[in-house]
Amino acid sequence: MTAASGAVAPAEPERARVPAAARAVVLVAGNPNSGKSTLFNALTGSDVKVSNYPGVTVTRTTAVVELDGIGPVDLVDLPGTYSLTARSQDEQVAVDAVLGRAGMRPDAVLIVADATALGRALYLAGEIIDTGARVVIALNMVDEARAQRLAIDEARLATDLGVPVVPIVARARQGLDQLRQALADALNTPTQVPRTVTLPPLAERDVASLAAVVRRELPGLGHATRAWTTWALLSIDDAPPDELVSVPAAVRTAAHQIRRAAMRDGRNLDLEIIGARYERVDRMVSQAVRPPDRPAPRWTDRIDAVLTHRVAGILVFGAVMLALFQALFSWSEPAIALIERLVALAQGGVSAVLPAGPLRDLLVDGVIAGVGNVIVFVPQIALLFLFIGVMEDAGYLARVAFVIDRVMGAVGLHGKSFVPMLSGFSCAVPAVMATRTLENRTDRLLTMMVLPLMSCSARLPIYVLIIATVFGPAARIGGFISAGAVALFAMYALSVTAALTAAAVLRRTVLTGPRPTLLLELPPYRWPVASVLARTTWRQVRSFLVDAGTIILALTIVMWALLNFPKHSDPGADVGAQVRASVAGRIGHLMEPALEPLGLDWRVGIGILGAFSAREVFVSTLGIVFDISDADETNQPLREKLGAAAKADGTRLFTPASGLALMVFFVLACQCMSTVAVVRRESGSWRWPLFMFGYQTVLAYVSALVVYQVGKALGFGA
Amino acid sequence: MSLPIRSLATLPLGVHAVVRAVHSSRAIARRLMELGLVPGTRVQVTRVAPLGDPLELHVRNYALSIRRADALSIEIDEPLS
Ligand SMILES: Nc1nc2c(ncn2[C@@H]2O[C@H](COP(=O)(O)OP(=O)(O)OP(=O)(O)O)[C@@H](O)[C@H]2O)c(=O)[nH]1
């Protein structure tokens, strides 16, 4: 990736390019929903660099903006936040960036403040101003404030805060010139000792005594020492381990002692610090803002009266979710089919020009198939993020969480887990990416860990094939209900039950931590902006292609090698014989003792291995193993061959019991390397995807075992 | 931790009250206060989710949704008329 120097900025040609290292860095901070992304997009060109902060999964968006008299400046978007308090590494990244401890002391911080929720915005602004950074406040959404008949005296606010305040409407690109000018002016002024908030005397004494330790341990903080000290007092948890890194042990110990002493005296240090900040905020707001003499009518309340209504709210919720479902399942279908056709075309083309041999196979079945395996996800990812983007920008996503939180909360999930979980019915890969809408890391990880249990659309062909093989169209339960339909329904029911149960169990065991809760802002309803939507969707797709895509491509090539090497001794052997002789074939044989108690044999083992590159491959791999080319799940010869297949001992391979066991295995197993790859990317390490793969495999195996053994005992094993 | 006499969870819809104290566990109390629910702040429960939980509050001119369990540990003064 080229550095930000590749960004298209309207640079004047005669001005010398300033090297990236020497460019000023401006952080963009603000509350969630304050319009940060909108402003960022409006200020910067189309070329935005998205990367991660080193070591964590917080995405870091950087772009270049041109300022008069200064030249190009790096604008860095921070995650939306209500305060600088951090409870996890991820959040600390943003804090360290502001406090200048991330190896990147900001030259200025641009704070986006929602003019209609000024108090909350000024709380964060106060924390940042206290660090001694140069600050410019973009007072956004003044159009909405006007509509609410709030009169805001920006000049007064600027005087009280000691920093420039520029009213803007980011969405309509109003006030941006003044904002750029204010930024340029700020960058040209020297930093000053911050006018920090005054705490109650006892709290002041506590901060002073901790600050002495901080100064000794972290001598480089300068003006930010006091802000960092206050941050540490608020952030360091009483019950370690918290995830905060690079806080010296001496500071930790001192902070604990100070907090404990305060508690013994019946004082609440958190309250003293936060309370003092809000007191200052309240004073400023009361002087700068004149509330309306009569309240303006609120559209949002009227819409909410329907959308969160006891009956209508649930109906609309159902309809919207159905539409999302429909979009993921059907609207993506033509695009996926087209991609598959193009991949086949490319494979055909390469096969035609290259001579047969390992190189051709590598290109056709490894590389091109791998690229296909990656881009085939793009339609669903794009659709899902477009859908989520519309709901988020319109304000409905928060209402989805509001309406369904009761259900999700019952198993320890968050209202915002719902959309990712639902998307999991379509495909776990975009669904795992959709967990980005969850701010809390524990909530997010928990959702990711159970999401792959939702029965994705790639499992359907497997169910269809097995059901057709073992039940046949004529099988009926109780004389009229099709046994196949019941089995299919049972698989979906099992999938949902397993996901919710796993969430409840993991929340109590692996992902414990503070009591899960919901603190959810319900923003006003707004019209989404198409250009912003298009850009954010593209960013998500691109990050998938770059980060998860490369892993998926590599794994596809590995799978190809496993299925094709070593070569069969007879070069003229057919595909089936080749696969049986391959590493995968041997692993299949080795798996046989484990598969036998499930009523399955090594041939199914090869299919399960093949399915790892993509579940739908299970069907075609089985086809290859059973010497039927180009098989799909509706292929009659394959069904017949599977139905007639016998195990080594002469008994039938696919019986109702073993078929059910195999389906249960597929419902519960994390048989999908793309999911593993995307969880690796989203969780930031291999730990979580490996844990997920492990627990799901054990769960799947044990469940399949129970199903087969019970089924056999009941007489369905023949 | 004993329950406060009067909690936000018992405040009737649409009635204004003033926060007296936040008795939640440290992490949640800290976050609630950072979101503006410090003692002395005017607050109002404006809505209940269709399934009975969570609640929607109106505080400092914005809408915040919290679960009933958390509202229970927010102590309020007598409702304002
Ligand atoms: N009326 C109005 N709406 C705005 C303005 N700026 C942004 N919006 C809208 O506010 C909503 C939130 O804007 P975003 O840019 O997504 O906010 P954000 O701060 O990036 O939010 P997060 O991504 O959640 O951190 C969107 O629907 C925007 O279209 C503005 O000046 N006036």
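Parameters at a glance
- Residues numbered from 1 in each chain as written.
- Chains lettered and ligands numbered in written order.
- Predicted model: local features only at pLDDT ≥ 70, side-chain atom pairs only at ≥ 80, totals over all residues.
- Heavy atoms only, no water.
- Helix = DSSP H or I, 4+ residues; strand = E, 2+ residues; numbered from the N terminus.
- Rg over C-alpha atoms; globule rule 2.2 N^0.38 Å.
- Buried < 20%, exposed > 50% of the residue type's maximum accessible area, 1.4 Å probe, protein only.
- Contact = heavy atoms within 4.5 Å.
- Areas by Shrake-Rupley, 256 points an atom, 1.4 Å probe, with all protein chains shown as cover.
- Disulfide = S-S within 2.5 Å.
- Buried area = accessible area lost by both parts, 1.4 Å probe.
- Salt bridge = Lys/Arg side-chain N within 4 Å of Asp/Glu carboxyl O.
- Polar contact = N/O pair within 3.5 Å; in protein donor to acceptor, adjacent residues only side chain to side chain.
- Nonpolar A, V, L, I, M, F, W, Y, C, P; charged D, E, K, R; others polar.
- Pairing = 2+ DSSP bridges.
- Right-handed = clockwise from strand over helix to strand, strands pointing away.
- Near = heavy atom within 4 Å.
- Axes fitted to C-alpha atoms, helices over the stretch in contact; angles between N-to-C directions.
- Parallel < 35°, antiparallel > 145°, perpendicular 65-115°, else oblique.
- Left-handed = near helix turned anticlockwise from the far one by under 90°.
- Core = buried A, V, L, I, M, F, W, Y, C linked by side-chain atoms within 4.5 Å.
- pLDDT = per-residue confidence, 0-100.

### Regarding the overall build of chain B
Secondary structure assignment for chain B yields 2 helices and 5 strands. Over its C-alpha trace chain B gives a radius of gyration of 11 Å, about what one expects of a compact globule, namely 12 Å for 81 residues. By residue count, 62% of the 81 residues in chain B fall in the buried class. For chain B, the proportion of contacts with a sequence separation of at least 24, taken over those separated by at least 6, is 56%. Accessible surface, chain B: about 3,100 Å² in total, of which carbon and sulfur atoms supply 57%.

### What to know about the state of the cysteines
All names here are of chain A. Using the criterion set out here, one finds 0 disulfides over all chains in the structure. No disulfide involves Cys427; its sulfur sits 6.2 Å from the nearest other cysteine sulfur, which is in Cys456. Classification of Cys427 as buried rests on a relative accessible area of 10%. Its relative accessible area of 5% is what places Cys456 among the buried residues.

### Topic: the interface of chain A and chain B
With 48 residues of chain A at the interface, the matching set in chain B holds 32 residues. The largest per-residue losses of area from chain A upon contact with chain B belong to A:Phe402, A:Arg406 and A:Leu519, which jointly make up 18% of the total buried on that side. Counting the contacts that link chain A with chain B gives 4 salt bridges. Where chain A packs against chain B, one counts 18 residue pairs in polar contact (both at pLDDT 80 or more). For the side of chain A that touches chain B, the secondary structure elements donating two or more residues are helix H3 (118–129), helix H8 (225–235), helix H10 (269–288), helix H11 (299–307), helix H15 (396–410) and strand S12 (519–521) of chain A. Across the side of chain A that touches chain B, the residue classes tally to 21 nonpolar, 11 polar and 16 charged. Across 3 bridges, the pairing between S12(A) and strand S4 (residues 62–66) of chain B is antiparallel. Note that in S4(B) the partner of A:Leu520 across the bridge is B:Ser65.

### Considering unusual backbone geometry
Between B:Asp53 and the following residue, B:Pro54, the backbone shows a cis peptide bond with an omega angle of -5°. If you trace the backbone, B:Pro54 turns up in the loop between strand S2 (42–48) and strand S3 (55–59). In this model, A:Asn33 sits at a positive phi of 70°, which is unusual for a non-glycine residue. Within the secondary structure, A:Asn33 sits in the loop between strand S1 (25–30) and helix H1 (36–43). At A:Met141, a position not held by glycine, the phi torsion is positive, near 65°. Along the chain, the position of A:Met141 falls in the loop between strand S6 (135–140) and helix H4 (142–147). Taking relative accessible area as the criterion, A:Met141 reaches 10% and is therefore assigned buried.

### A word on the pattern of salt bridges
Throughout the structure, instances matching the rule amount to 27 salt bridges over all chains. With a shortest N-O distance of 3.3 Å, A:Asp206 and A:Arg205 are connected by a salt bridge. The closest approach of N and O atoms between B:Arg60 and A:Asp282, which form a salt bridge, is 2.6 Å. Of this pair, B:Arg60 sits in the loop between S3 and S4 while A:Asp282 sits in helix H10, placing the two residues on different chains. By relative accessible area, B:Arg60 is classed as buried at 16%. Through salt bridges with shared partners, one network takes in A:Arg205, A:Asp206, A:Arg267 and A:Glu272.

### A few points about the pairing of strand S5 (residues 108–114) of chain A
Residues and elements named next belong to chain A. Most of S5 sits out of view: 7 of its 7 residues are buried. The side-chain alternation of S5 yields two buried faces, one formed by Ala108, Leu110, Val112 and Asp114 and the other by Val109, Ile111 and Ala113. Both S1 and S5 contribute to a ladder of 5 bridges, which runs parallel. Note that in S5 the partner of Val26 across the bridge is Ala108. Read as a crossover between parallel neighbours, the route from S5 over H3 to S6 is right-handed.

### A closer look at the environment of B:Gly36
Along the polypeptide, B:Gly36 turns up in the loop between helix H1 (26–34) and S2. Distance from B:Gly36 to B:Arg67, taken between C-alpha atoms, is 16 Å for residues 31 residues apart in sequence. Ignoring sequence-local partners within four residues, the contact set of B:Gly36 consists of A:Tyr278, B:Thr41, B:Val59 and B:Arg60.

### Observations regarding the site of the ligand
Residues and elements named next belong to chain A. Taken together, the neighbourhood of the ligand is formed by 18 residues, with Lys36, Ser37, Thr38, Asn140 and Asp143 sitting nearest. Contact distances for the ligand include 3.1 Å between a nitrogen atom and a side-chain N or O atom of Glu144. Here Arg526 contributes a side-chain N or O atom positioned 3.4 Å from an oxygen atom of the ligand. Taken by itself the ligand offers 650 Å² of open surface, and the protein chains cover 89% of this. Elements that contribute at least two residues to the shell around the ligand include exactly H1 and H4. A per-element tally of the shell around the ligand places H1 first, with 3 residues. The residue inventory of the shell around the ligand, partitioned by class, reads 5 nonpolar, 7 polar and 6 charged.

### Quick notes on the sheet that holds S4(B)
One open sheet holds the 6 strands; their spatial order is S12(A)-S4(B)-S3(B)-S2(B)-S1(B)-S5(B), and the pairing between them is antiparallel. Lying at the two open borders of the sheet, with one neighbouring strand each, are S12 of chain A together with strand S5 (74–76) of chain B. Sheet twist, expressed as the average angle between the axes of neighbouring strands with direction ignored, equals 45°. With respect to the sheet, H1(B) is in contact with S12 of chain A together with strand S1 (16–22), S4 and S5 of chain B, its orientation differing from that of S1(B) by roughly 140°.

### Focus on the packing of helix H12 (residues 312–353) of chain A against helix H14 (residues 378–394) of chain A
Pairs of packed helices are described in terms of their axes, by the angle between the two and the distance that separates them. Residue and element names in this part refer to chain A. The geometry of H12 relative to H14 is characterised by a closest axis approach of 8 Å and an angle of 150° between their N-to-C directions. Here H14 runs roughly antiparallel to H12, going by the angle between their axes. The crossing of H12 and H14 is right-handed. Contacts between H12 and H14 pair Val320, Met321, Ala323, Leu324, Ala327, Leu328, Trp331, Ser332, Ala335, Ile336 and Ile339 from the former with Pro379, Gln380, Leu383, Leu384, Phe387 and Met391 from the latter.

### Re the nonpolar core
In summary, soluble globular proteins display a tendency toward joint burial of nonpolar side chains. Ranked by internal contacts, the top residues of the largest apolar core, which has 112 residues, are A:Met321, A:Phe544, A:Phe618 and A:Leu662. In terms of residue count, helix H27 (residues 656–668) of chain A provides more of this core than any other element does, 9 residues in total. Apart from the residues within four sequence positions on either side, A:Phe544 is in contact with A:Val374, A:Phe377, A:Ile381, A:Val429, A:Met433, A:Gly549, A:Ile552 and A:Val678. If you look at the next biggest cluster of nonpolar residues, it comprises 94 residues, including A:Ile137, A:Met284, A:Val289 and B:Leu35.

### Considering the confidence of the model for chain A
Predicted confidence across chain A gives a mean pLDDT of 83, with 89% of residues reaching 70 or more. Counted against residues more than four places away or in other chains, residues 1–17 of chain A, with its pLDDT under 50, gives 26 contacts.

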